[in-house]
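Below, each chain spelled out in residue letters.
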Amino acid sequence: MNLLDFNKRFRDEESCILYLKMKREEEGIVCPKCHTSNHYWLQTGLFWQCKTCRTKTNLRAGTLMEKSHIPLLTWFIVIHLMTSTKKAFSALEMQKQVGHKFYEPIWYMMQKIRITMGKRDGRYKLQGNIEIDDAFYEVVDLKKQLDKGLTKRGRGSDKQAKVLIMVESKPNPKQTNPHKKDRILGFAKMIVMDDLSATGIKYVVRESISPSSIVISDGYRGYSGLHEIVEEHNAMVVPQKEAHIKLPWVHTVISNSKRNMLGVHHSIGKEFLQNYLNEFCYKLNRRNFTSDLFDRMILAGANDTWY
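Computed from a predicted structure; not experimentally measured. (Residues numbered from 1 in each chain as written. Predicted model: local features only at pLDDT ≥ 70, side-chain atom pairs only at ≥ 80, totals over all residues. Heavy atoms only, no water.)

1. Some points on helix α7 (residues 198-208)
Put simply, the test is: The buried label applies to any residue whose accessible area, calculated with a 1.4 Å probe on protein chains only, is under 20% of its type's maximum; exposed applies above 50%, and partly exposed to all values in between. Here a strand is any run of E in DSSP of at least two residues, a helix any run of H or I of at least four, and the numbering for each starts at the N terminus. Contacts were defined at the residue level, with two residues in contact if any of their heavy atoms lie within 4.5 Å.
Regarding α7, the residues found buried are Gly200, Ile201, Lys202, Val204, Val205 and Ser208. For α7, the secondary structure elements touched by its buried residues are β4 (129-138), β5 (160-171) and β6 (183-193).

2. Some points on helix α9 (residues 248-264)
What sets the pattern is the α-helix's 3.6 residues per turn: residues three or four places apart point alike. Counted only if it meets this: Between the first and last residue of a helix there are one fewer steps than residues, each counted as 1.5 Å, and that sum is the expected span.
With 17 residues, α9 should cover 24 Å at 1.5 Å per step; its first-to-last C-alpha distance of 25 Å lies within 8% of that length. Every buried residue of α9 is accounted for by Pro248, Trp249, Val250, Thr252, Val253, Ile254, Ser257, Asn260 and Met261. Summarising the contacts, the buried residues of α9 are in contact with β4, β5, β6, α8 (243-246) and α10 (273-285).

3. Overview of the packing of aromatic side chains
What counts here: Within 6.5 Å between ring centres, the rings of Phe, Tyr and Trp (the latter by its six-membered ring) count as paired, and their orientation is classed by plane angle as stacked under 30 degrees, edge-to-face over 60, tilted in between. By the criterion adopted, a ring carries a charge over it if an Arg CZ or a Lys NZ lies within 6 Å of its centre and within 35 degrees of its normal.
Counted under the stated rule, the structure contains twelve aromatic pairs. Seen in terms of ring centroids, Tyr19 and Phe76 are 6.0 Å apart; in terms of plane orientation they differ by 85°. Their pairing is edge-to-face. Residue Tyr19 is found in helix α2 (residues 13-27), and its partner Phe76 is found in helix α3 (residues 72-84); the two are separated by 57 residues along the sequence. The same class applies to Tyr19 and to Phe76, which are both buried. Chaining the aromatic ring pairs together yields one cluster made of Phe6, Phe10, Tyr19, Phe76 and Phe294. Taking the ring centre of Trp249 as reference, the NZ or CZ of Lys181 above it sits at 4.5 Å. When the ring centre of Tyr282 is taken as origin, the NZ or CZ atom of Arg286, which lies over that ring, is 3.8 Å away.

4. Some remarks on the packing of α3 against helix α11 (residues 293-303)
The criterion, for reference: Every axis in this analysis is a line fitted to C-alpha atoms, fitted for helices over the stretch in contact. Angles between the N-to-C directions lie between 0 and 180 degrees. Roughly parallel means an angle under 35 degrees; roughly antiparallel means over 145; roughly perpendicular covers 65 to 115; every other angle is labelled oblique. Working rule for handedness: look at the near helix, and if it is turned counterclockwise from the far one by less than a right angle, call the crossing left-handed; if clockwise, right-handed. In the scheme used here, Gly and all other residues not listed as nonpolar or charged are polar, with Ala, Val, Leu, Ile, Met, Phe, Trp, Tyr, Cys and Pro taken as nonpolar and Asp, Glu, Lys and Arg as charged.
The geometry of α3 relative to α11 is characterised by a closest axis approach of 9 Å and an angle of 125° between their N-to-C directions. Classed by the angle they form, the pair α3 and α11 counts as oblique. For the pair α3 and α11, the sense of crossing is right-handed. Where α3 abuts α11, its residues Phe76, Ile79, His80 and Thr83 lie against Leu293, Phe294, Met297 and Ile298. For the contact of α3 with α11, the residue count by class is six nonpolar, two polar and no charged.

5. Focus on the nonpolar core
Defined as follows: Only buried Ala, Val, Leu, Ile, Met, Phe, Trp, Tyr and Cys residues count toward a nonpolar core, and they belong to the same one when joined by side-chain atoms within 4.5 Å.
Trp75, Phe76 and Ile113 are the most contacted members of the largest nonpolar core, which totals 35 residues. When residues of this core are traced back to their parent elements, those giving at least two are α2, α3, α4 (91-98), α5 (103-121) and α11. A per-element tally of this core places α3 first, with seven residues. When residues no more than four places from it in sequence are discounted, the contact partners of Trp75 are Arg60, Leu64, Met65, Ser68, Ile70, Met109, Lys112 and Ile113. Val139, Val167, Val253 and Leu277 belong to the second-largest nonpolar core, a separate cluster that totals 24 residues.

6. Concerning the pattern of salt bridges
Cut-off, in case you're wondering: By salt bridge we mean one thing: a side-chain nitrogen of Lys or Arg within 4 Å of a carboxyl oxygen of Asp or Glu.
Counted according to the given criterion, the structure contains eight salt bridges. With a shortest N-O distance of 4.0 Å, Glu26 and Lys23 are connected by a salt bridge. Taken together, the residues Glu26 and Lys23, both in helix α2 and three residues apart, mark about one turn of the helix. Two residues, Asp121 and Arg286, come together in a salt bridge whose shortest N-O distance is 2.8 Å. Here Arg286 lies in the loop between α10 and α11 and Asp121 lies in helix α5, a separation of 165 residues in the sequence. What makes Asp121 buried here is its relative accessible area of 12%. Of the residues examined, Arg286 reaches a relative accessible area of 8% and is grouped as buried. Here the salt bridges do not stand alone but share partners, grouping Arg114, Glu279 and Lys283 into one network.

7. So, the sheet that holds β6
The pairing of strands in a sheet happens through backbone hydrogen bonds and is either parallel or antiparallel. Let me state the cut-off plainly: Strand pairing is defined by DSSP finding a minimum of two bridges between the two strands.
The sheet built from five strands is open, its strands ordered β6-β5-β4-β7-β8 with mixed pairing. Looking along the sheet, the strands with just one partner apiece sit at the ends: β6 and β8 (232-236). Across the sheet, the mean angle separating the axes of adjacent strands is 25° when strand polarity is ignored. Pairing analysis gives nine bridges linking β4 to β5, with the strands arranged antiparallel. Bridge pairing in β5 places Ile132 opposite Met166. Sitting on the sheet, α9 touches β4, β5 and β6, and the angle it makes with β4 is about 30°.

8. Focus: the state of the cysteines
By definition, a disulfide links the sulfur atoms of two cysteines through a covalent bond. This is how the line gets drawn: We call a pair of cysteine sulfur atoms a disulfide whenever their separation is within 2.5 Å.
Applying the stated criterion across every chain yields a total of zero disulfides. Note on Cys50: no disulfide assigned, nearest cysteine sulfur contributed by Cys34 at a separation of 3.6 Å. The exposure class of Cys50 is buried, given its relative accessible area of 0%. Cys53 takes part in no disulfide bond, and the closest cysteine sulfur, belonging to Cys31, lies 3.5 Å away.

No statement about biological role is implied by the geometric values presented.
See below:
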């Protein structure tokens, strides 16, 4: 959906209300008290009332927009801009686009949307051939800087966050061009880690990857226990110069995500890095979808709260 189509569909607040009401009724309204689905709509208060126990369910209750006082039209514009573009938006640029007076509510809104994107992707597990690698992302950890008065250098630096990247990557025997990858990219997951120990990696892989998968990784000792939780684990010695050949797609995902964030955001707080990775993976995983991502995001937001 391009900008002109969006403006035709959502001309005012009323059109947004009707659209969200329709989406929620398609999914089904369930009374939080007696758990029945027998309701009627009250336009004056923008809520459904249960015919059995008279409990009221607000239009925004149980959704991404719950307890928000920002107009639905603003929410819809932000969701449209975040899902219709391949690149990301900074909160400052989004504030300018929607014409909001304050920066913080727009920043907070975008974080809620990113969390919801991550919750939606969290429902699915990767399958088939999986490339796995870890990477370090530059972040700002203000709390540690204030507590210590200085930052650590090297691998354990407070300026770097550890991320585990998992990418579906099946062989492509039809690829004959030597300048292109001989594997096909599927879906991806990127998880911020407290540490890259074998125990932590096994836990994340168990939650993110189907047990019937075949995992390909380098020889890092943290991956040594993966053979216990997947069908097959192939660990290779990967020289740095050959990383893009042995593990082609996982390194492409890492470099593209870093370039995307560095090109848009001046800095990212360590505690919010996962949210930005959620947004990147959500768009990447739906790059070939023919249906509109705006409708998908509204549906995800109607089914899940951000918290």
